[in-house]
Amino acid sequence: MGVLALGNGPTSPSFTASDFVVFKSIAEQSAFALYNAIIYSEANEKKRLDHDLEIARDIQRILLPSEAPVVPGFEISGINIPARHVSGDYFDYITVDDDRLGVAIADVSGKGVPASIIMAICRSVLRSQATGNSSPADVLQKVNRQLYPDIKEDMFISMAYVVLDHARGSVVLSRAGHDAPILFDHAARTVTPVKPPGMVVGIDSGSVFDRITGDFALSLKRDDCLLLYTDGVTEALDAIGDEFGVDRMLECIRTSAPEGAPAIITRVIDELRSFVGTQPQNDDITLIAIRKT
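Residues numbered from 1 in each chain as written. Predicted model: local features only at pLDDT ≥ 70, side-chain atom pairs only at ≥ 80, totals over all residues. Heavy atoms only, no water.

## So, the overall build of the protein chain
Looking only at helices and strands, the protein chain features seven helices and 10 strands. For 293 residues, the compact-globule estimate of 2.2 N^0.38 gives 19 Å, and the C-alpha radius of gyration of the protein chain, at 27 Å, exceeds that figure by more than 25%. Reported as C-alpha extents along the three principal axes, the dimensions of the protein chain are approximately 105 × 40 × 30 Å. Counting over 293 residues, the protein chain shows a buried share of 43%. For the protein chain, the proportion of contacts with a sequence separation of at least 24, taken over those separated by at least 6, is 69%. (Helix = DSSP H or I, 4+ residues; strand = E, 2+ residues; numbered from the N terminus. Rg over C-alpha atoms; globule rule 2.2 N^0.38 Å. Buried < 20%, exposed > 50% of the residue type's maximum accessible area, 1.4 Å probe, protein only. Contact = heavy atoms within 4.5 Å.)

Here is the structure:
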């Protein structure tokens, strides 16, 4: 809003109707000029913010794995698709020791920059605690104790952490309130959620978290698969507001798992994109598939 103030000298003739037409024209042109200047300024600010977010996205890409590691006895494939410039989802492959590899997936409450900052902190803490520790539950308990004092009351992190022992062929899982991983049994052609108890990171100092979060051994036979995922997959919405859901994902796993870990990721993403159509992505999407070879 602006004001055009006009002064008429004591000896000047009164303003005429034509004068007011001129004044109105000046006011309108000034308004357009000011509006354009504001829009230009806001556009420049948005351009700067977008540039900063692109840099943040590039940094986050460095923090997330660019490719899956080669592990004797296992085939691994993973993907992260942010809903915005940066993601609040996290996945990682961590060398525990010469015989073991840690596979982590996490989902920070919320989206965008705040969630991505917590994700980066979580990554650092997890990596510092995972090296040399073969117990996924112990790792998550230490991560929770370290992060709890620094996480705001309205934020939390759901996590699942798996340790693959390629020397013995064993798999141990611990779950911190995360969506239940899906186990594909190749011989029986069944898909089953794996639900060891656990609570999310950041809402308890450790007294309850440590008591209910434990190690869960999985018996994976040749060609069995384990899928870790975030709720951006199952809660994706189509044009009428229906969710993709767990059942559709289970069917994707059942039909694609015999072809290997990368095939599971490809099938789920393809089916998801076909389901949502032109609807915008409303949450970060992360998937990790592990096949016993």
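After presenting the structure, the write-up continues.
## Considerations on a nonpolar patch on the surface
A contiguous nonpolar patch, built from L4, L6, F15, F20, V22 and I26 and spanning about 530 Å² of accessible area, is present on the exposed surface. Residue position: L6 is located in the segment before α1 (17-63). Looking at L6, the relative accessible area reads 41%, which means it is partly exposed. (Patch = residues over 30% accessible without salt bridge, like charges linked within 9 Å, V, L, I, M, F, W, Y side chains within 5 Å. Areas by Shrake-Rupley, 256 points an atom, 1.4 Å probe, with all protein chains shown as cover. Salt bridge = Lys/Arg side-chain N within 4 Å of Asp/Glu carboxyl O.)

## Re the pairing of strand β9 (residues 225-229)
Among the five residues in β9, five count as buried, and that is most of the element. Alignment of strand β6 (residues 182-185) against β9, held across three bridges, turns out to be antiparallel. Bridging across to β9, L183 finds its partner in L226. Bridge count for β9 against strand β10 (residues 285-292) is five bridges, and the pairing is antiparallel. (Pairing = 2+ DSSP bridges.)

## Examining the sheet that holds β6
To summarise the sheet geometry, strands pair through backbone hydrogen bonds and adopt either a parallel or an antiparallel arrangement. An order of β1-β10-β9-β6-β7 is seen for the five strands of this open sheet, with the pairing classed as antiparallel. Unpaired on one side and paired on the other, β1 (74-81) and β7 (190-193) mark the two borders of the sheet. Strand-to-strand twist in this sheet, taken as the mean axis angle between neighbours without regard to direction, amounts to 15°. Seen against the sheet, helix α6 (residues 245-256) touches β6, β7 and β9 and runs at an angle of roughly 35° to β6. Running over the sheet, helix α7 (residues 261-276) touches β1, β9 and β10 and is turned about 150° from β10. (Axes fitted to C-alpha atoms, helices over the stretch in contact; angles between N-to-C directions.)

## Thoughts on the nonpolar core
Nonpolar side chains tend toward joint burial in soluble globular proteins. Of all hydrophobic cores here, the largest spans 49 residues; its most connected members are V103, I157, M159 and I288. For I288, the residues in contact, after removing those within four places along its chain, are I76, S77, G78, F91, Y93, V103, A104, I105, L226, L227, L228 and I265. The next biggest cluster of nonpolar side chains, apart from the first, holds 26 residues, and it includes L250, I253, I264 and I285. (Core = buried A, V, L, I, M, F, W, Y, C linked by side-chain atoms within 4.5 Å.)

## Some points on the packing of aromatic side chains
Tallying each qualifying case throughout the model produces five aromatic pairs. Between F20 and F23 the ring centres are 5.8 Å apart and the planes differ by 80°, which places this aromatic pair in the edge-to-face class. Residue F20 and its partner F23 are located together in helix α1, separated by three residues, close to a single helical turn. Relative to F275, the ring of F244 lies with its centre 5.5 Å away and its plane at 70°, an arrangement referred to as edge-to-face. Linking F244 in the loop between α5 (231-234) and α6 with F275 in helix α7, this pair joins segments that are 31 residues apart in sequence. Like F275, F244 is buried. Here a set of aromatic residues connected by ring pairs shows up, and it is made of F15, F20 and F23. Above the face of the F74 ring, K292 is positioned so that its terminal group lies 5.6 Å from the ring centre. (Phe/Tyr/Trp six-rings, centres within 6.5 Å; stacked < 30°, edge-to-face > 60°. Lys NZ or Arg CZ within 6 Å of the ring centre and 35° of its normal.)

## Side note on the side chain of T213
On the secondary structure map, T213 appears in the loop between α4 (209-212) and β8 (216-218). A polar contact of 2.9 Å, which involves the side chain of T213, links it to the backbone oxygen of F209. Sequence-distant contacts of T213, defined by excluding residues within four places in its chain, comprise A137, Q141, S174, R175, P197, G198 and M199. (Polar contact = N/O pair within 3.5 Å; in protein donor to acceptor, adjacent residues only side chain to side chain.)

## Observations concerning the environment of R175
Tracing the backbone through its elements, the reader meets R175 in strand β5 (residues 170-176). Given the relative accessible area of 15%, R175 is considered buried. A sequence separation of 18 residues divides R175 from P193, and the C-alpha atoms of the two residues are 12 Å apart. Setting aside residues up to four positions removed in sequence, R175 forms contacts with L140, M159, A160, A180, P181, V194, K195, P196, P197, G198, M199 and T213. A distance of 3.0 Å separates the side chain of R175 from the backbone oxygen of P196, its partner in a polar contact.

## Describing the pairing of strand β4 (residues 157-165)
Counting buried positions along β4 yields nine of nine residues, so the element is predominantly enclosed. The side-chain alternation of β4 yields two buried faces, one formed by I157, M159, Y161, V163 and D165 and the other by S158, A160, V162 and L164. Two elements, strand β3 (residues 100-108) and β4, share nine bridges in a ladder whose sense is antiparallel. Looking at β4, one finds that D107 is bridged to S158. Across six bridges, β4 lies against β5 in antiparallel orientation. By the bridge assignment for β5, A160 is matched with R175.

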